[in-house]
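Read off the chains here:
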Amino acid sequence: AQSVAQPEDQVNVAEGNPLTVKCTYSVSGNPYLFWYVQYPNRGLQFLLKYITGDNLVKGSYGFEAEFNKSQTSFHLKKPSALVSDSALYFCAVRDGAGNTPLVFGKGTRLSVIA
Amino acid sequence: KAGVTQTPRYLIKTRGQQVTLSCSPISGHRSVSWYQQTPGQGLQFLFEYFSETQRNKGNFPGRFSGRQFSNSRSEMNVSTLELGDSALYLCASSSRLAGNTGELFFGEGSRLTVL
């Protein structure tokens, strides 16, 4: 069965500094990896995904993520954080080998301080 | 294009009651998934429907059930409510069966409080 781990419950970063939100995964087959963001009292919004190809994936709002197969990681990054990036971030994985649901991590709360 | 619509947005029930939540997917989407979100557990997968058939089911007790109609709208039902069922219930739709490369599109959720 697939699983996702987000080792940090909370990440604090100063505005203008680079940010990283960590994610590691476990699947049997090829991983399909996703990042979502949730703002207060809202549903989840899709940020980016990795299916195949280039290990560096670019997404919405200047975010990018790097797929690392050897470390089974898919960390979310942004070169310069904005206060408006403050939200709850979820990493998710689906096993590409079968018809399985999307499994989410427990989320990381990002706080960008002005 | 209208997004995923969930109703009601907020509701309060008491223990032992039952509740039905509704989800209208994005037009043309035939796959609907349901998730339970709680602060301690994150998002837990409940079930997934595609073309009126349940394709996947998470590890929830039988009190949790769902269905999908021919117009792709979906409902989930929770019977004999317990305090621990208090959560945000999220519905998501996608254009194909969720076991693929497509992303899910989420509604804003139905927040259930059980007293």
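Basis of the calculations
Residues numbered from 1 in each chain as written. Chains lettered and ligands numbered in written order. Predicted model: local features only at pLDDT ≥ 70, side-chain atom pairs only at ≥ 80, totals over all residues. Heavy atoms only, no water. Contact = heavy atoms within 4.5 Å. Buried area = accessible area lost by both parts, 1.4 Å probe. Salt bridge = Lys/Arg side-chain N within 4 Å of Asp/Glu carboxyl O. Polar contact = N/O pair within 3.5 Å; in protein donor to acceptor, adjacent residues only side chain to side chain. Buried < 20%, exposed > 50% of the residue type's maximum accessible area, 1.4 Å probe, protein only. Helix = DSSP H or I, 4+ residues; strand = E, 2+ residues; numbered from the N terminus. Pairing = 2+ DSSP bridges. Core = buried A, V, L, I, M, F, W, Y, C linked by side-chain atoms within 4.5 Å. Axes fitted to C-alpha atoms, helices over the stretch in contact; angles between N-to-C directions.

**Here we look at the interface of chain A and chain B**
Stage number 1. Between chain A and chain B, the residue contacts involve 22 residues of the former and 24 residues of the latter.
Stage number 2. Summing both sides of the interface, chain A and chain B together bury roughly 1,800 Å²; the carbon and sulfur share of this comes to 51%.
Stage number 3. Where chain A meets chain B, there are two salt bridges.
Stage number 4. Taking the shortest distance from any N to any O, the salt bridge between Glu-103 of chain B and Lys-49 of chain A comes out at 3.3 Å.
Stage number 5. Counting across the chain A and chain B interface gives five residue pairs in polar contact (both at pLDDT 80 or more).

**Quick notes on the pairing of strand β8 (residues 74-78) of chain B**
Residues and elements named next belong to chain B.
Stage number 1. With five of five residues buried, β8 lies mostly within the body of the structure.
Stage number 2. For strand β3 (residues 19-24) and β8, the ladder comprises five bridges, and the chain directions are antiparallel. In the sheet register, Thr-20 faces β8, and the bridge partner there is Asn-77.
Stage number 3. Between strand β7 (residues 64-68) and the antiparallel strand that follows it, β8, lie five residues; Ser-72 among them carries a positive phi value of about 75 degrees.

**Quick look at the nonpolar core**
The nonpolar side chains of a soluble globular protein tend to be buried with one another.
Stage number 1. Counting residues in hydrophobic clusters, the biggest one holds 27 residues, and the most contacted among them are Trp-35, Leu-47, Leu-48, Phe-74, Leu-76 and Tyr-89 of chain A.
Stage number 2. Where this core is concerned, the elements lending two or more residues are β2 (10-14), β3 (19-21), β5 (31-38), β6 (44-50), β8 (64-68), β9 (73-78), β10 (87-95) and β12 (108-113) of chain A.
Stage number 3. Considering every element that reaches this core, the biggest residue donor is β10 of chain A, with four residues.
Stage number 4. Of all hydrophobic cores here, the second largest spans 21 residues; its members include Tyr-49, Val-78, Ala-87 and Val-114 of chain B.

**Structural notes on the sheet that holds β8 of chain B**
All names here are of chain B.
Stage number 1. Taken in spatial order, the four strands line up as β1-β3-β8-β7 in an open sheet, and their pairing is antiparallel. Edge strands, defined here as strands with exactly one partner in the open sheet, are β1 (5-7) and β7. Within this sheet the neighbouring strands show an average axis-to-axis angle of 15 degrees, counted without direction.
Stage number 2. Pairing between β7 and β8: five bridges, direction antiparallel. Looking at the pairing, Ser-65 lines up with Asn-77 of β8.

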